Structures are given as C-alpha cells and as structure tokens.
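One-letter residues, chain by chain:
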Amino acid sequence: MSETLKNPPAPDLNAFLAAIPYAQFLNISIDQKGNEITTVMRFEHKLIGNPVLPALHGGAIGAFLEMTSIIQLAFETGITSIPKPIGLTIDYLRSGKPQDLYGRAHITKQGRRVATVHAEAWQDDRAKPVAAAHGHFLLKAAEE
Amino acid sequence: MTNDFQLTPENIQMMKDVLIEHVPHARALGLTILDAKHGESWLTVPYDKKLVGNLETGVIHGGVITAMLDNACGVAVQLALPERISIATLDLRIDYMKPATPGETLVGHAHCYKVTRNIAFVRGTAYHTDPLDPIATCVGTFMLGANRAAPMPLDVSVDLLKKFEG
C-alpha cells in the first residue's frame, strides 16, 4: 500500500552538475532515461584540439570521461560531495570528430572509500568508441 | 638523424602560435607555453572560476589538469622528434596527488624520454611552484605518424591556420 523507500531518492543530477562550473565550460549535459545516464558534450569550436584534422582535444575527451564517471557515481551512490579522482587511465581509440560526444560509465567495484569506474565515449556508433577510461575515485575521506 | 633540433626564440614563438594559439581548446583553457627545449615542455594554466570542479571549495577540476598534461605531453613529443610528423595520444594515465590550490596558477611539465619507430613515451608533472610537490603526475604513449592527414607543421602560415578556425 504505502510506498516504502527501498532506495534513497535519486539525486538531482542537474543540480549536481550545476555545481561544477567546469562541466558548463565543457558544455556537458545529462540525458537520463530511468536509471540509464548518458552524458553529452555538445560540440563547440572551443573543444577542438587539432584544427587541421579537425579533432576534439584529447584533454577535453579525458575530462569528459572523468565527468561521466563522477556523474555515474553521484547517481548510484547518492553521495552529495563530489568524488575526488585518485587516478585515471585514458585509452584514445579514435580521433574525436567535431560533433557531439556521448558517454556512459559503469561502476566496476564500489568499496566504502574507493570506487573503480569504467567509462566510454562515442559519437556515431557506440560500438566504435572514441576513448575509454578507467579510474579510481575517493568517495569520501577517512573519518575525521 | 642526430638530435640537432635547436629551439631558437623564433622556434618557440612558432610553437606558441601553432601548438597553442591556433588550438581552440588550449586557448579556451588559457594555456600558454612557459618554456621548452628538446623533448621537454612547460605549460601553464592560470586560475579561472570557469574551470572550477567544486563550487564549495573553488578547486580546479581534475579534467583541466588532464587537458594541460595531455597538451604538455604532446608538445614534448613534438619537440623530441627530428621532423614534424602527426602524433596521436594512445593512452594517458594520470595520478592525482592533491587538489590544486584555489587561486594559484597551474604548471605542467612534460618530458618525452624515449622515441621508437612507432611510439613515443612521455611523462609529466603538474604543480604550482615546486615540481617536487606535485598535484598530479602522468605517463603517456603517443603513436607517431598516426593520421593520414598532414601534421600541424611549424612552418605553416598563420593565415592557413586561421582558415581552419572557421
């Protein structure tokens, strides 16, 4: 009858994102369908790293994957403070075309303090990722 | 085949033009080249509120450090090569040691310590003033001659680059 809260209420991801100015700088938004989160980095000229090809800047792609991981962590763990990256390894698989970039992340393992996350970014074809990253994030500092 | 590539002030200026000034994302971040020599580069990003990753603390987002180190590594690789060829990042691993201090300028130093026929190996450090007190360190590998498209040649005219900027 009455609804019981099995899970904590999902955090407001847009509010979470709004507290990260760098996410606005990179034009990152969230496309949420139920419990599936896709991040989008809308193309803008300032994201170009190689004007001759042209191609997206590798650093912007890396930052996008880091942000995608952080957003997934915020959604799944319900933490309100922003997770701190400990380490991030980025594989660059294809050059990023001057168009929108999409990202998804999944938490490989969540511990009490540290979570391991894998993230991928793609453009036209999800089976042909532009880059993949795997990283460790500190969820909260040790009890003070 | 000797490493006789000399960095003259003109060379460094051209590098600034081609590798930074005409890279829209580098310009958007406020990246500039502090110094460079054979196989090494020092880049800097001034503190800017738009690059903050956490409004409560004012700390710069880790992604900015990633972008700076990626760029610094790319420049270091270019400067380790005897001629201009196109390069592409294969992988980059970043370890974050401590948060950047709000209000302070970031410096990224990268050193390309080995070049083989196909791959260049590079490592880097991000810090404020003391390289021995790092904010982050990185290691990366770059593919040489990666794209069929032409590399960004240092002797390309600035007019040509402007054309690409659209």
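Remember, predicted model here, so these are calculated numbers, not experimental data.

Q: What exactly am I supposed to notice about the environment of Val52(B) here?
A: For Val52(B), the location among the structural elements is in strand E3 (residues 52-54). By C-beta crowding, Val52(B) is classed as buried, having 23 other C-beta atoms within 10 Å. Separated by ten residues in the primary sequence, Val52(B) and Gly62(B) have C-alpha atoms spaced 9.0 Å apart. Ignoring sequence-local partners within four residues, the contact set of Val52(B) consists of Pro21(A), Tyr22(A), Gly58(B), Val59(B), Ile60(B) and His61(B).

Q: Sorry, what's going on with the sheet that holds strand E1 (residues 32-37) of chain B here?
A: Strands pair in a sheet through their backbones, by hydrogen bonds, and they do so in one of two ways: parallel or antiparallel. Spatially, twelve strands are ordered E1(A)-E2(A)-E6(A)-E7(A)-E8(A)-E5(A)-E5(B)-E8(B)-E7(B)-E6(B)-E2(B)-E1(B) in an open sheet, and the strand pairing comes out antiparallel. The open sheet has two edge strands with one neighbour each: strand E1 (28-33) of chain A together with E1 of chain B. Averaged over all adjacent pairs, the angle separating strand axes in this sheet is 20 degrees, with direction ignored. The sheet contact formed by strand E5 (residues 87-96) of chain B and strand E8 (residues 136-144) of chain B spans nine bridges and is antiparallel. Opposite Asp91(B), over in E8(B), you have Thr141(B) as the bridge partner. Helix H3 (residues 58-77) of chain A rests against E1, strand E2 (36-41), strand E5 (84-92), strand E6 (101-110), strand E7 (114-122) and strand E8 (131-138) of chain A together with E5 of chain B of the sheet, and its axis sits at about 50 degrees to E6(A). Helix-sheet contacts for helix H3 (residues 62-80) of chain B involve E5 of chain A together with E1, strand E2 (40-45), E5, strand E6 (106-115), strand E7 (119-127) and E8 of chain B, and the interaxial angle to E6(B) is about 40 degrees.

Q: When you look at the interface of chain B and chain A in this model, what are you seeing that I'm missing?
A: As a measure of interface size, the accessible area lost when the parts come together is often cited. The partner chain A presents 33 residues to the 38 residues of chain B that form the contact. When contributions to the side of chain B that touches chain A are tallied by element, the ones reaching two or more residues are helix H2 (24-29), E3, H3, E5 and helix H4 (158-165) of chain B. Per-element tally for the side of chain B that touches chain A: the top contributor is E5(B), with nine residues. Of the residues contributing to the side of chain B that touches chain A, the split by class is 19 nonpolar, twelve polar and seven charged.

About the thresholds
- Residues numbered from 1 in each chain as written.
- Chains lettered and ligands numbered in written order.
- Predicted model: local features only at pLDDT ≥ 70, side-chain atom pairs only at ≥ 80, totals over all residues.
- Helix = DSSP H or I, 4+ residues; strand = E, 2+ residues; numbered from the N terminus.
- Buried ≥ 20, exposed ≤ 12 C-beta atoms within 10 Å, placed from the backbone.
- Contact = placed C-beta atoms within 7 Å.
- Pairing = 2+ DSSP bridges.
- Axes fitted to C-alpha atoms, helices over the stretch in contact; angles between N-to-C directions.
- Nonpolar A, V, L, I, M, F, W, Y, C, P; charged D, E, K, R; others polar.

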